[in-house]
Amino acid sequence: MTSHHPDESLLQAYAIGNLGEPLALLVATHTALCPLCRNAVRDLESIAGTLLDDLSPTALSEDSLSSVLAQLDGRETAAASEASSPVAEGADTILPQPLRGYLGRRLSDLPWRQRGVVADVALFPDRKDFTTRLLRIRKGCRVPLHRHEGLELTLVLSGAFSDSQGHYLRGDIAVANSSVVHQPVADDDEDCICLAVTDAPVYLAGPIGRLLNFAFKY
Amino acid sequence: AKYRPTPEQLLDLMMAVSVSRDRDAFAQIFHYYAPRVKSYIRSLKVEEKSAEDIAQEVLLTVWRCADQYDPQKSALSTWIFTIARNKRIDVARREKRPEIDLNDPALVPEGPASPDRAYDAAQVALRVRAAIDTLPQEQATLLRSSFFEEKSHSELADELLMPLGTVKSRLRLAITKLRSALEDMNQ
Ligand SMILES: [Zn+2]
Ligand SMILES: [Zn+2]
């Protein structure tokens, strides 16, 4: 059972649609692994629905209803229903939706870039506001010491890691901010695969790390 | 114009739309929800014209996807809220909303400690409403702003001249109260 959950303001922001897509992906994927937060989001949506009911109405233009009614005529195009994507044969069941759909292929077929003990795959490469990566930390290995300028949220998908703040298992979310000098260590028994979303560039903070800052960006 | 349909009445109208494609029932749903959806979208600082366009599109989706509405899963207001939320993410931010798939075999199922509760839509709506009505004024106001003005908790704190911790703890109190009104639903 997950024990490191997203902050309640993150859950609320997800429920009302105020998170940028990378963070929303991380929170949504957590809720696939965490029935507690899944229920919380559903309750928050129920609250939002009730508050919507309470809003005082804003007048519509006079022809609003008639123009909508006019569009009900004619052949109804079946709205693209969110068909649940079936789990392909041999798919990684460690990847729940929505993450599986975003990656679109098996973990082993992703374009991993190996950088020392960590391999990564970039998601949303065109976004300037977040850095989003799937990380694979080699079992028993230590990620180079680094500091985050902004906030980093790391969701564990398989394996486990520890840092100065805790021990994180599948489904857990670790939070590191600029006050944390961060050195995650993967557990010994298997590689640790995580989804990490960082909202600003990350700099290596250790002496070797500073040297490696050109090549490494963790 | 103070007419406010009960959740049961709205549900009946929605069933008429879904099962018999009843246009009069749809018109009533439109009358009730379109102006509220427009208010919601306006509160997110979307300008008048495109707020109205979004409200119309939301109601069109209600008609077109009526058979996807499941009263066992959510109250009608909640379902319409989620359509409006997603439409606005799509229009204003050009993003998709990542969503779980409840039929995904990789989804971690509920355990005995945290069951996925079954919902009786009309009941949920009534309970949340009753619980909101018992909130102290200040908490209710904070709750509304935090849901509908796209302000972060720290922006709310600045605006209300309250410490961030106070905003967070009052909101937590309000939301916990509302959620606990739902907790004992199926016992
Ligand atoms: Zn959780
Ligand atoms: Zn880090």
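In case you missed it, the structure is sitting above this.
Residues numbered from 1 in each chain as written. Chains lettered and ligands numbered in written order. Predicted model: local features only at pLDDT ≥ 70, side-chain atom pairs only at ≥ 80, totals over all residues. Heavy atoms only, no water.

(A) Representation of the overall build of chain A. Helix and strand content of chain A: 6 helices and 12 strands. By the burial criterion, 52% of the 218 residues in chain A qualify as buried. For chain A, long-range pairs separated by at least 24 residues make up 67% of all intrachain contacts whose partners lie at least 6 apart in sequence. Of the roughly 9700 Å² that chain A leaves accessible, carbon and sulfur atoms contribute 53%. (Helix = DSSP H or I, 4+ residues; strand = E, 2+ residues; numbered from the N terminus. Buried < 20%, exposed > 50% of the residue type's maximum accessible area, 1.4 Å probe, protein only. Contact = heavy atoms within 4.5 Å. Areas by Shrake-Rupley, 256 points an atom, 1.4 Å probe, with all protein chains shown as cover.)

(B) Representation of the overall build of chain B within the structure. Along chain B, the regular secondary structure elements total 8 helices and 0 strands. Listed N to C, the secondary structure of chain B is α-α-α-α-α-α-α-α in terms of helices and strands. Burial statistics for chain B: of 187 residues in total, 50% are counted as buried. Of all intrachain contacts in chain B linking residues separated by at least 6 positions in sequence, the fraction that spans at least 24 positions is 63%.

(C) Structural view of the sheet that holds strand S11 (residues 192-198) of chain A. All names here are of chain A. With respect to topology, 6 strands assemble into an open sheet ordered S1-S2-S3-S11-S5-S8, the strand pairing being antiparallel. Edge positions in the sheet fall to strand S1 (113-115) and strand S8 (173-176), since each of these pairs with one other strand and no more. Strand-to-strand, the axes of this sheet are offset by a mean angle of 25 degrees, without reference to chain direction. For strand S5 (residues 152-158) and S8, the ladder comprises 4 bridges, and the chain directions are antiparallel. Residue pairing for S8: Thr154 is matched across the bridge by Ala174. (Pairing = 2+ DSSP bridges. Axes fitted to C-alpha atoms, helices over the stretch in contact; angles between N-to-C directions.)

(D) A look at the sheet that holds strand S6 (residues 161-163) of chain A. Residue and element names in this part refer to chain A. Overall, antiparallel pairing links the 3 strands, which are arranged S7-S6-S10 in an open sheet. Only two strands of the sheet have a single neighbouring strand rather than two, namely strand S7 (166-168) and strand S10 (185-186). When S6 meets S7, the two strands line up antiparallel, connected through 3 bridges. Looking across to S7, one finds that Asp163 is bridged to Gly166.

(E) Quick peek at the nonpolar core. Ranked by size, the top nonpolar core spans 101 residues in total, and within it A:Leu134, B:Leu143 and B:Phe147 carry the most contacts. The biggest single contributor to this core is helix H2 (residues 23-43) of chain B, with 11 residues. A domain-level breakdown of this core finds at least three residues from each of domain 1 (7-93) and domain 2 (134-186) of chain B. Those residues within four positions of B:Phe147 in sequence are excluded, and the remaining contacts are A:Gln12, A:Ile16, A:Leu44, A:Ile47, A:Ala48, A:Leu51 and B:Ile175. One finds A:Leu135, A:Ile137, A:Val156 and A:Ala186 within the second-largest nonpolar core, a separate group that totals 12 residues. (Core = buried A, V, L, I, M, F, W, Y, C linked by side-chain atoms within 4.5 Å. Domains from an automatic or database assignment.)

(F) Representation of the interface of chain A and chain B within the structure. Facing 68 residues of chain A, the contacting portion of chain B comprises 75 residues. Taken over both partners, the interface formed by chain A and chain B buries close to 6300 Å², and the fraction arising from carbon and sulfur atoms is 56%. Seen at the junction of chain A and chain B, the total is 9 salt bridges. One salt bridge in this structure joins A:Glu45 and B:Arg85, with 2.7 Å as the shortest N-O distance. Linking chain A to chain B there are 34 residue pairs in polar contact (both at pLDDT 80 or more). (Buried area = accessible area lost by both parts, 1.4 Å probe. Salt bridge = Lys/Arg side-chain N within 4 Å of Asp/Glu carboxyl O. Polar contact = N/O pair within 3.5 Å; in protein donor to acceptor, adjacent residues only side chain to side chain.)

(G) Looking closely at the environment of A:Arg100. Along the chain, the position of A:Arg100 falls in helix H5 (residues 99-103). On the accessibility criterion, A:Arg100 (11% relative accessible area) is buried. Taking C-alpha positions, A:Arg100 is 9.2 Å from A:Thr29, a pair spaced 71 residues apart along the chain. One polar contact links A:Arg100 to B:Asp104, side chain to side chain, over a distance of 3.2 Å.

(H) Quick peek at the environment of A:Trp112. Residues and elements named next belong to chain A. Relative to the elements of secondary structure, Trp112 occurs in the loop between H5 and S1. Relative accessible area serves as the criterion here: at 18%, Trp112 is assigned to the buried category. Separated by 23 residues in sequence, Trp112 and Leu135 place their C-alpha atoms 8.8 Å apart. Not counting the four nearest positions on each side in its chain, Trp112 is found in contact with Leu107, Ala119, Asp120, Val121, Leu134, Leu135 and Arg136. One polar contact links the side chain of Trp112 to the main-chain carbonyl oxygen of Leu107, over a distance of 2.8 Å.

(I) Broad picture of the side chain of A:Asp172. All names here are of chain A. Residue placement: Asp172 occurs in the loop between S7 and S8. Within polar-contact distance, the side chain of Asp172 engages the backbone nitrogen of His4 at 3.0 Å. The contacts of Asp172, once residues within four sequence positions are left out, are Thr2, Ser3, His4, Thr154, Leu155, Val156 and His167.

(J) A look at the packing of aromatic side chains. Applying the stated criterion across every chain yields a total of 9 aromatic pairs over all chains. Their ring planes at 35 degrees and their centres at 5.1 Å tell us that A:Phe161 and A:Tyr168 sit as a pair that is tilted. This pair shows no difference in class: A:Phe161 is buried, exactly as A:Tyr168 is. Aromatic side chains B:Tyr69 and B:Trp79 sit 5.2 Å apart centroid to centroid with 45 degrees between the ring planes, which places their arrangement in the tilted category. Linking B:Tyr69 in the loop between helix H3 (48-64) and helix H4 (76-93) with B:Trp79 in helix H4, this pair joins segments that are 10 residues apart in sequence. Judged by relative accessible area, which is 12%, B:Trp79 ranks as buried. Directly above the aromatic system of A:Tyr102 lies the positively charged group of B:Lys96, at a separation of 4.8 Å from the ring centroid. Its guanidinium or amino end placed over the ring of A:Tyr14, B:Arg97 lies 3.8 Å from that ring's centre, counting from NZ or CZ. (Phe/Tyr/Trp six-rings, centres within 6.5 Å; stacked < 30°, edge-to-face > 60°. Lys NZ or Arg CZ within 6 Å of the ring centre and 35° of its normal.)

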